[in-house]
Amino acid sequence: MDAMRKMDIISIIISLIVTAIVIHNTHGRISRNRYWKIEITMLAGFIFYWAFAVIMLFVFHLSLFWGLGFIGSVIFIYKYWQLQILRFHDLNYSGWYCLFGHVPIVGLYFLYIRFSKKRTALINEFDESIDYLSFLRKNSLYPEISFLSTDGVDFFVNGIKFEYRKYNNHVQYEVSKISLEENKVLEEYCKKNFKQTENAPSYAEKYKISFLDEGSLLENIKRDLHAMVYKDGFVLINGAEVFIRKNYDLYDIVYKREFSPQIKLYSAIEDDGEYCCQTLTKQELVNLIKVFA
């Protein structure tokens, strides 16, 4: 009996550790429809492979597929566990609720809600936006479209920081000379359109270039560089505030109903009264950003 208790305790500890690791590496959410399709596909593929492996082993005496099956099972379990966590996130539950699957009766209830319950909020605490700047760069949208975010009185353009400074009642923004030189489009634009001030010499890696702000520096960058402006996870594109997140291998765009007339219809719209949501392929999202910009 003591040995069995020890095994139970070890099993619980392993479950907690594995769950913690998977939760730490799982971000975002997945809609009910996507969850259904992917879960069924994963389970069908898993069953088909093991049936194939059994045939190879017992009929043709090939054990290679059996060994690969065990490796694949580990990967499958990890991805399957992630899928459950993403679905719980979609319902605004912590990923730790996956552990209820081990509890009799209670586990059946949480199985039911995973498969059947529709999300009630299109924006919740588990939402994470995509890396907008990386998306622009990876999908050939950059440098035609820039990415701008603010941090108090400072702001970033394509990841390059412009620091607010005020001297003798004149506002100027300092930017690293080396960083600016790595972005030729931005460097040429700033030198051509903004008044540069003299900076005292310093170490090369700390040398800054300053541009006077005559009241419209930030607005001019937004307009002339076709910038997507970031704020609290949303990006401002041509006047519309849009939140973009991964929905497994697709993308959700979420926006307030007031912006609906400005958003092209790509798929069925989900509406929770305050926000609207559409699910897009990567190419549709690229096209949407191009249109807005």
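Here the structure is shown first, and the text comes after it.
The sections below set out a description of the structure shown in this document. (Residues numbered from 1 in each chain as written. Predicted model: local features only at pLDDT ≥ 70, side-chain atom pairs only at ≥ 80, totals over all residues. Heavy atoms only, no water.)

### Re the overall build of the chain
When helices and strands are tallied, the chain shows nine helices and twelve strands. Looking at the chain residue by residue over its 293 residues, the buried ones come to 40%. Pairs at least 24 apart in sequence give 60% of the contacts found in the chain among residues at least 6 apart. As displayed, the chain has an accessible area near 17300 Å², and 60% of this comes from carbon and sulfur atoms. (Helix = DSSP H or I, 4+ residues; strand = E, 2+ residues; numbered from the N terminus. Buried < 20%, exposed > 50% of the residue type's maximum accessible area, 1.4 Å probe, protein only. Contact = heavy atoms within 4.5 Å. Areas by Shrake-Rupley, 256 points an atom, 1.4 Å probe, with all protein chains shown as cover.)

### Re the nonpolar core
Counting 27 residues, the largest nonpolar core has Phe 135, Met 228, Ile 244, Ile 253, Leu 285 and Ile 289 as its most contacted members. Secondary structure elements with two or more residues in this core: α5 (132-138), β8 (234-237), β9 (240-247), β10 (250-256), β12 (275-280) and α9 (282-292). At five residues, α9 tops the list of elements feeding residues into this core. Beyond its immediate sequence surroundings of up to four residues, Ile 289 is in contact with Phe 135, Leu 136, Leu 141, Ile 145 and Met 228. (Core = buried A, V, L, I, M, F, W, Y, C linked by side-chain atoms within 4.5 Å.)

### Concerning a nonpolar patch on the surface
Among the surface-exposed residues, Phe 100, Val 103, Ile 105, Val 106, Leu 108 and Leu 111 lie close enough to one another that they form a single nonpolar patch of about 510 Å² accessible area. Summarising the element assignment, Val 106 is placed in helix α4 (residues 106-116). (Patch = residues over 30% accessible without salt bridge, like charges linked within 9 Å, V, L, I, M, F, W, Y side chains within 5 Å. Salt bridge = Lys/Arg side-chain N within 4 Å of Asp/Glu carboxyl O.)

### With respect to the pairing of β12
Taken across its six residues, β12 has five buried, putting it largely inside the fold. The sheet contact formed by β10 and β12 spans six bridges and is antiparallel. Directly across from Val 254, in β12, lies its bridge partner Cys 277. (Pairing = 2+ DSSP bridges.)

### Topic: the side chain of Asn 124
Examined against the element boundaries, Asn 124 turns out to sit in the loop between α4 and α5. Within the local environment of Asn 124, its side chain forms a polar contact with the backbone oxygen of His 89, the two atoms lying 2.9 Å apart. Leave out the neighbours within four places in its chain, and Asn 124 touches Arg 29, His 89, Asp 90 and Asn 92. (Polar contact = N/O pair within 3.5 Å; in protein donor to acceptor, adjacent residues only side chain to side chain.)

### Focus on the sheet that holds strand β5 (residues 196-197)
Spatially, the twelve strands line up as an open sheet ordered β5-β6-β4-β3-β2-β1-β7-β8-β9-β10-β12-β11, and their pairing is mixed. Only two strands of the sheet have a single partner each, and these edge strands are β5 and β11 (270-271).

### Topic: helix α2 (residues 32-58)
Look at α2: 39 Å from first C-alpha to last across 27 residues, which is about the 39 Å you get at 1.5 Å a residue. Taken together, the buried positions of α2 are occupied by Arg 34, Tyr 35, Ile 38, Glu 39, Met 42, Trp 50, Ala 53 and Met 56. (Expected span 1.5 Å × (residues − 1).)

### Side note on unusual backbone geometry
Note the cis peptide between Tyr 142 and Pro 143, where omega equals 15°. Within the element layout of this structure, Pro 143 appears in the loop between α5 and β1 (146-151). Despite not being glycine, Ile 105 shows a phi value in the positive range, around 70°. Residue position: Ile 105 is located in the loop between α3 (64-90) and α4.

### Examining the pattern of salt bridges
In total, this model carries 20 salt bridges according to the counting rule given. Among the salt bridges present, the one from Asp 249 reaches Arg 34, with a minimum N-O distance of 2.1 Å. Of this pair, Asp 249 sits in the loop between β9 and β10 while Arg 34 is found in helix α2, placing the two residues 215 residues apart along the sequence. Judged by relative accessible area, Arg 34 falls into the buried class, the value being 15%. For the salt bridge of Asp 252 with Arg 119, the shortest nitrogen-to-oxygen distance reads 3.8 Å. With Asp 252 in strand β10 and Arg 119 in the loop between α4 and α5, this pair connects stretches of sequence that are 133 residues apart. With a relative accessible area of 8%, Arg 119 lands in the buried category. Connected through shared salt-bridge partners, Arg 29, Arg 87, Asp 90, Arg 119, Asp 127, Arg 245, Asp 252 and Glu 270 make up one network.

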